[in-house]
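What follows is the residue order along each chain.
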Amino acid sequence: MGNWLIETEHLSKEYRLGDVPLLALDDVSVRIAAGEFVAVMGPSGSGKSTFMNLLGCLDSPSAGLYRLDGRDVSHLAPDDLAGVRNRLVGFVFQGFNLLPRTPAVENVELPLVYAGVSAQERRRRALARLTEVGLAGRAWHHPSQLSGGQQQRVAIARALVNDPLLILADEPTGALDSRTSVEVMALFQEFNARGITVVLVTHEPDIAAFAQRTLSFRDGRLIGDRPVATPRRASEMLAGLQTMEVAT
């Protein structure tokens, strides 16, 4: 493709448990083009979460190279890594990670606070993102007043509010029922269609099937990289479910 958003070369990450070295990621070289939707799979301890942390600039590699949007970010200082994260990356987690005593709109505003955006502009952009995820009428609800699916929509709005190039989603459907999972995947596919790159960690083959490509990890190594022949279309699945519900 050529227009690579993510490039890793011989990427490795070693941790130490006392005096014992633990190689969590071992010699991973991969390229992900701008606008791709990629699922990352593997059993617990396979290295996929370490890989995600490195892609999100939450950690630095022990060896190898990582270029994000053409810039080598392999060995940036922590403050510089934080700046890259805030400008280029949005995160969505299984546990939503919302502030419990803060309304939805203020949760969505948080990345803009760190970016130094004015209060008026923060509010405008947060409300716009909540509207895009179907929560215009829930802006002032606290997380405890929202369903799990609604909380994840707030988290997606927060991930998108800084207009990132990359969304990293770590088991985003792990706490959701089947229908709500499809609704969330429909949002990821919608924003991916607008050009946002999505990298999603999942244990579930049914969820990975919504992506365009699957990376498989085991024992810290990349053991598989294959395209998804015909990605599932979440919007079509939802339309079918709605038709069935009307019929019954």
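It should be noted that the structure appears before, not after, this text.
Below or above, wherever it landed, is the structure these notes cover. The residue numbers shown here count from 1 along each chain, following its written sequence. Residue-level local features of this predicted model are given only where pLDDT is at least 70; pairs of side-chain atoms are given and counted only at 80 or more, and the full residue set underlies all totals for whole chains, interfaces and linings. Side-chain calculation: all heavy atoms of the structure are included, whereas hydrogens and water are not.

Quick word on the pattern of salt bridges
We count it as follows: Note on definitions: salt bridges are taken to be side-chain nitrogens of Lys or Arg within 4 Å of carboxyl oxygens of Asp or Glu. We count a stretch as a helix when DSSP gives it H or I for four or more residues in a row; a strand needs E for two or more, and each element gets its number in order from the N terminus. Only protein chains enter the calculation, and the probe is 1.4 Å; a residue is then buried if its accessible area is under 20% of its type maximum, exposed if over 50%, and partly exposed in between.
Throughout the structure, instances matching the rule amount to 17 salt bridges. Measuring nitrogen to oxygen at the nearest pair gives 3.7 Å for the salt bridge that ties Arg31 to Glu7. Of this pair, Arg31 sits in strand S2 (residues 20-33) while Glu7 sits in strand S1 (residues 4-17), placing them 24 residues apart in sequence. On the basis of relative accessible area, Arg31 is assigned to the partly exposed category, the value being 43%. Among the ionic contacts, a cluster of salt bridges with common partners joins Arg125, Arg129, Glu132, Asp163, Glu190 and Arg194.

Comments concerning the environment of Leu55
Note the following rule: In this analysis, two residues are considered to be in contact whenever any of their non-hydrogen atoms come within 4.5 Å of each other.
Note on placement: Leu55 falls in helix H1 (residues 48-55). Given the relative accessible area of 0%, Leu55 is considered buried. For the pair formed by Leu55 and Thr173, sequence separation is 118 residues and the distance between their alpha carbons is 20 Å. If we skip the residues at most four places from it in the chain, Leu55 touches Ile6, Thr8, Tyr66, Leu68, Leu166, Leu168 and Val199.

Let's talk about the sheet that holds strand S3 (residues 37-41)
Just so we agree on the cut-off: Note: two strands are recorded as paired if DSSP finds a minimum of 2 bridges between them. Axis geometry follows a simple rule: fit a line to the C-alpha atoms, using only the stretch in contact for helices, then measure angles between N-to-C directions, giving values from 0 to 180 degrees.
Pairing is mixed across the open sheet formed by six strands, whose spatial order is S6-S7-S8-S3-S9-S10. Each having just a single partner strand, strand S6 (89-93) and strand S10 (221-227) make up the two edges of the open sheet. Looking at each pair of strands side by side, their axes are set apart by 15° on average, direction ignored. As paired strands, strand S7 (residues 166-170) and strand S8 (residues 197-201) are joined by five bridges and run parallel to one another. Bridge pairing in S8 links Asp170 to Val201. Contacts between helix H5 (residues 148-160) and the sheet are confined to S6 and S7, with S6 contributing the most and set at about 165° to the helix. Lying over the sheet, helix H6 (residues 178-193) contacts S3, S6, S7 and S8, oriented at roughly 150° with respect to S8.

Topic: the pairing of S7
For a regular strand, side chains alternate in direction, first toward one face of the sheet and then toward the other. Counted only if it meets this: Note on handedness: a crossover is taken as right-handed if, strands pointing away from the viewer, the path from the first strand over the helix to the second is clockwise.
Within S7, four of the five residues are buried, which leaves the element mostly enclosed by the surrounding structure. Each parallel crossover has a hand, and for S7 linked through H6 to S8 it is right-handed.

Structural notes on helix H2 (residues 78-88)
Taken as a whole, H2 has its buried residues at Leu81, Val84, Asn86 and Leu88. Next to the buried residues of H2 lie strand S4 (63-68), strand S5 (71-72), S6, helix H3 (104-114) and S7.

Topic: the nonpolar core
Stated precisely, the cut-off is as follows: Only buried residues count toward a nonpolar core, which is a set of Ala, Val, Leu, Ile, Met, Phe, Trp, Tyr and Cys residues joined through side-chain atoms within 4.5 Å.
Residues Leu130, Val154, Ile156, Ile167, Met185 and Phe188 are the most contacted members of the largest nonpolar core, which totals 43 residues. In terms of residues, this core owes the most to one element, H6, which gives seven residues. Those residues in contact with Ile167, other than ones at most four positions away along the chain, are Gly90, Val92, Ala159, Leu160, Phe188, Ile196, Thr197, Val198 and Val199. Grouped together as the second largest cluster of nonpolar side chains are 29 residues, Leu5, Val30, Leu54 and Leu215 included.

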